[in-house]
Amino acid sequence: MTLLQLRYISEVAKQGSFCKAAQNLYVSQPGISKMVAALEKELGITIFVRSASGITLTAEGKRLLDAGNRLLRDADHIADQFSRTALDRPESFCVSSLHYSFVVDAFTELVRRSKSSSQHYKIHICQSPDVLQHVANLESEIGVLSAGDHNQDYLTRALERSGLEFHQLIRSNICAFLHESHPLAEKAILTFSDLAPYPCIMYELDMDSPSILHEEFSISAFYPKRVVEITGLYQSLEVMVRCQGYDLGNGIISVSNKRQGVVKRRVEGLDAPVSIGWVSRRGQALSAPALEFVKALEMYCRDI
C-alpha cells in the first residue's frame, strides 16, 4: 500500500468516477484502475463496486477510505512542515516535568517572552519514568525532576542507560505544602504526628514504575495512612483547600504557589536534601527556546 494508491482511491470516491479522477490527477484512467486493482488484490478486499450507473464504495472500501484520508492529512501536514524554509517553520520546544509549579511558571515566562511570530511550545506534567522516557525518545528536549538518597542509584542507572545527563539547579529539603487556610498553617514546624490526621496528596505512578520514585517514599520514618492519589496540579490545590490535604515535596515555594495561597512548612525529621535539576540528552546542544527556558528555570526555582 502506498500514499499514491490512497490518493487515487480518495479522488475516485470524491468524483464518483475513474475518468473524472484521472482528469483531476492528470493521469490515465487505466493507470488509476491498475493501481486500485493492485491494492484490492494486496488487501484481499473489494473497494469499489462498478455498475452501469457508476461506482459505489463497499463497506470495506469506506473503512479503508476513512483510515486512508487520516493518513493523507497527516502526510500533507508533515510535507507542509518540512517543505517550509527555516524562517517559515514554527519555533518548537517541549519540556516534561514532575508536578512542579515553578516549572509551569518558567514555561509561561518562556511563552510570554517569546518574540517568534510562529511557535509550538508544549509542556508535559508527568512522573519521573515518563520524564526520562520523553527526553530519551526526543519527545521533549528537557526534563525536570529530583534526585535524593532514596532514588539516586536508580536515577543514575536510568540516566546512563538512556544517554542522559543531569544538571542540578538547587538542593532543597522536602517540606509539607498546604493551603493557608489549613489548621496547621499557623505552625512554623510540623511533626509527623501533626500530619497524620490529614490526607497526604500523592501523584499517580504507572503500575510498572518503582515506588521509590514517589517523593514521599524518601521519608523512611513516615508513611501516611490517609492518601489521596491524583494526576495533576489543579487537583492538588482542590484537595488542599477543600479536604485540608497536604503535599510532601521539594522545598521550593513558587510564584504561582504563593498566588494560590499555598504555604510550605518544615517537618521535623526531614533533613535529607534532594537535588532538583533538568535532564537533556548527553552532548546535545540546546535550541534557543530551551536555553531561554533554562534561564527561566534558574530564576523561578529560587525560593521566594
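Residues numbered from 1 in each chain as written. Predicted model: local features only at pLDDT ≥ 70, side-chain atom pairs only at ≥ 80, totals over all residues. Heavy atoms only, no water.

Undergrad: Mind showing me how you'd approach the pairing of strand E3 (residues 91-97) here?
TA: Here E3 lies mainly inside the structure; five of its seven residues are buried. One ladder, built from seven bridges, connects E3 with strand E4 (residues 119-125); its direction is parallel. Its bridge partner being in E4, Ser97 is matched across the sheet by Ile125. After leaving E3, the chain enters helix H5 (residues 101-113) and then returns to the sheet as E4, a path that is right-handed. Pairing of E3 with strand E5 (residues 142-147) involves three bridges; the strand directions are parallel. Following the sheet pairing, Ser96 is matched in E5 by Gly143. (Buried < 20%, exposed > 50% of the residue type's maximum accessible area, 1.4 Å probe, protein only. Helix = DSSP H or I, 4+ residues; strand = E, 2+ residues; numbered from the N terminus. Pairing = 2+ DSSP bridges. Right-handed = clockwise from strand over helix to strand, strands pointing away.)

Undergrad: In this structure, what is going on with the sheet that holds E5? I would like to understand it.
TA: Taken in spatial order, the five strands of this open sheet run E4-E3-E5-E13-E6, and their pairing is mixed. In this open sheet, the two strands that pair with only one neighbour each are E4 and strand E6 (164-173). This sheet shows a mean twist of 20° between the axes of neighbouring strands, independent of strand direction. Those strands touched by helix H11 (residues 288-300) are E3, E4, E5, E6 and strand E13 (273-281), and its axis lies near 40° from that of E3. (Axes fitted to C-alpha atoms, helices over the stretch in contact; angles between N-to-C directions. Contact = heavy atoms within 4.5 Å.)

Undergrad: How should I be thinking about the state of the cysteines in this particular structure?
TA: Such a bond, covalent and formed between the sulfur atoms of two cysteines, is termed a disulfide. Applying the stated criterion to the full structure yields zero disulfides. Here Cys126 stays free of any disulfide, with the sulfur of Cys94 as its closest cysteine sulfur at 9.0 Å. Residue classification places Cys126 among the buried positions, given a relative accessible area of 10%. The thiol of Cys243 is not disulfide-bonded; the next cysteine sulfur, from Cys200, is found 13 Å away. Overall, Cys243 belongs to the partly exposed group, its relative accessible area being 44%. (Disulfide = S-S within 2.5 Å.)

Undergrad: What is the right way to read the packing of helix H1 (residues 3-15) against helix H2 (residues 18-25) from this model?
TA: Between two packed helices, what matters for the description is the angle formed by their axes and the separation of those axes. It is the contact of H1 with H2, at a shortest axis distance of 8 Å, that shows an interaxial angle of 120°. Taken together, the axis directions place H1 and H2 in an arrangement best described as oblique. At the point where H1 passes H2, the crossing takes the right-handed sense. Contacts between H1 and H2 involve Tyr8, Glu11, Val12 and Gln15 from the first element and Phe18, Lys20, Ala21, Asn24 and Leu25 from the second. Class assignment of the residues belonging to the contact of H1 with H2 gives a composition of five nonpolar, two polar and two charged. (Parallel < 35°, antiparallel > 145°, perpendicular 65-115°, else oblique. Left-handed = near helix turned anticlockwise from the far one by under 90°. Nonpolar A, V, L, I, M, F, W, Y, C, P; charged D, E, K, R; others polar.)

Nothing here speaks to function; it is geometry throughout.
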